[in-house]
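Spelled out, the chains give:
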Amino acid sequence: MRESRGPGRDGGIVVGVDSAGVADHALRWALHEAGLRGVPLLAVHTWREVAAEDWNDLTSDISDPDRERDAHRLLAERLAGATERFPDVELHRSVEHDRPVRALLAHAARAELLVIGSRGHAGFTGMLLGSTSRALAHCAPCPLLVVRPPA
């Protein structure tokens, strides 16, 4: 018998997938949780014209279509093998031109769980949350699981 998810919580699990690979452990947790709960998983990756790693080079010659194509490719690479390892999980993908917090909050509004990775920042990686996980911890509309990479 499946546990009741409560009103409006029919969106399964949402996981944020980043470009740096920090969310790889979060993705594994999300796939595992989706399998245990028997719910679908939505993997969300966002992109912007100037990614954080490009801030020092604001004159990047990569056009929007190139960035979007790269974002789709990156998400596909991160999800490679997921359906083989977790064949019972219904996996969905979303690549969005948006900020991570805004996109994840929109999807989390109907989710029963939001899963994200965090490596921390400011030289205290074992103690602090990054800006995305800190923002989501304050305003996530559903339970939030922050997964840290192994030490």
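Before any of the text, the structure's been laid out above.
Bear in mind that the values here come from a model prediction, so they are computed numbers and not experimental data.

1. A few points about helix H2 (residues 64-79)
- For H2, built from 16 residues, the straight-helix expectation of 22 Å at 1.5 Å per residue is met to within 8% by its first-to-last C-alpha distance of 23 Å.
- Turning to H2, its buried residues are Arg67, Ala71, Leu74, Leu75 and Leu79. Along the long axis of H2, the arc covered by the buried residues comes to 125°, so they all point the same way. In H2, those exposed residues whose orientation departs by more than 90 degrees from the buried face are Pro65 and Arg69.
- Summarising the contacts, the buried residues of H2 are in contact with helix H1 (24-37), strand S2 (41-47), helix H3 (82-85) and strand S3 (91-97).
- After H2 finishes, the residue glycine 81 shows a positive phi value of roughly 85°.

2. Focus on the environment of leucine 42
- You can see leucine 42 is positioned in strand S2.
- In this structure, leucine 42 is in contact with Ile13, Val14, Val15, His92, Arg93, Ser94 and His107, ignoring residues within four places of it in sequence.

3. Overview of the sheet that holds S2
- The sheet built from five strands is open, its strands ordered S3-S2-S1-S4-S5 with parallel pairing. A single partner strand is all that each edge strand has here, and the edge strands are S3 and strand S5 (144-147). The sheet shows a mean angle of 20° between the axes of neighbouring strands, taken without regard to direction.
- Packing against the sheet, H1 makes contact with strand S1 (13-16), S2, strand S4 (113-117) and S5, and its axis sits at approximately 170° to S1.
- Across the face of the sheet, H2 comes into contact with S2 and S3 while running at roughly 145° to S2.

What counts, and at which threshold
Counting of residues starts from 1 at the beginning of each chain's written sequence and follows it residue by residue. Selection of residues for local features in this predicted model requires a pLDDT of at least 70, selection of side-chain atom pairs for listing and counting requires 80 or more, and totals for whole chains, interfaces and linings are taken over all residues. Only heavy atoms go into the side-chain values, all of them from the structure, while hydrogens and water stay out. Where helices and strands are cited, they refer to DSSP runs of H or I of at least four residues and of E of at least two residues respectively, numbered from the N terminus. In this scheme, a helix's expected span is set at 1.5 Å multiplied by one less than its residue total. Only protein chains enter the accessibility calculation, which uses a 1.4 Å probe; a residue is then buried when its area is under 20% of its type maximum, exposed when over 50%, and partly exposed in between. This arc is taken over the directions from the axis of the helix to the C-beta atoms. The contact definition used throughout considers only heavy atoms, calling two residues in contact when any of these lie within 4.5 Å. When DSSP finds two or more bridges between two strands, those strands count as paired. Comment: axis = line fitted to C-alpha atoms, over the contacting stretch for helices; angle = value between 0 and 180 degrees taken between N-to-C directions.

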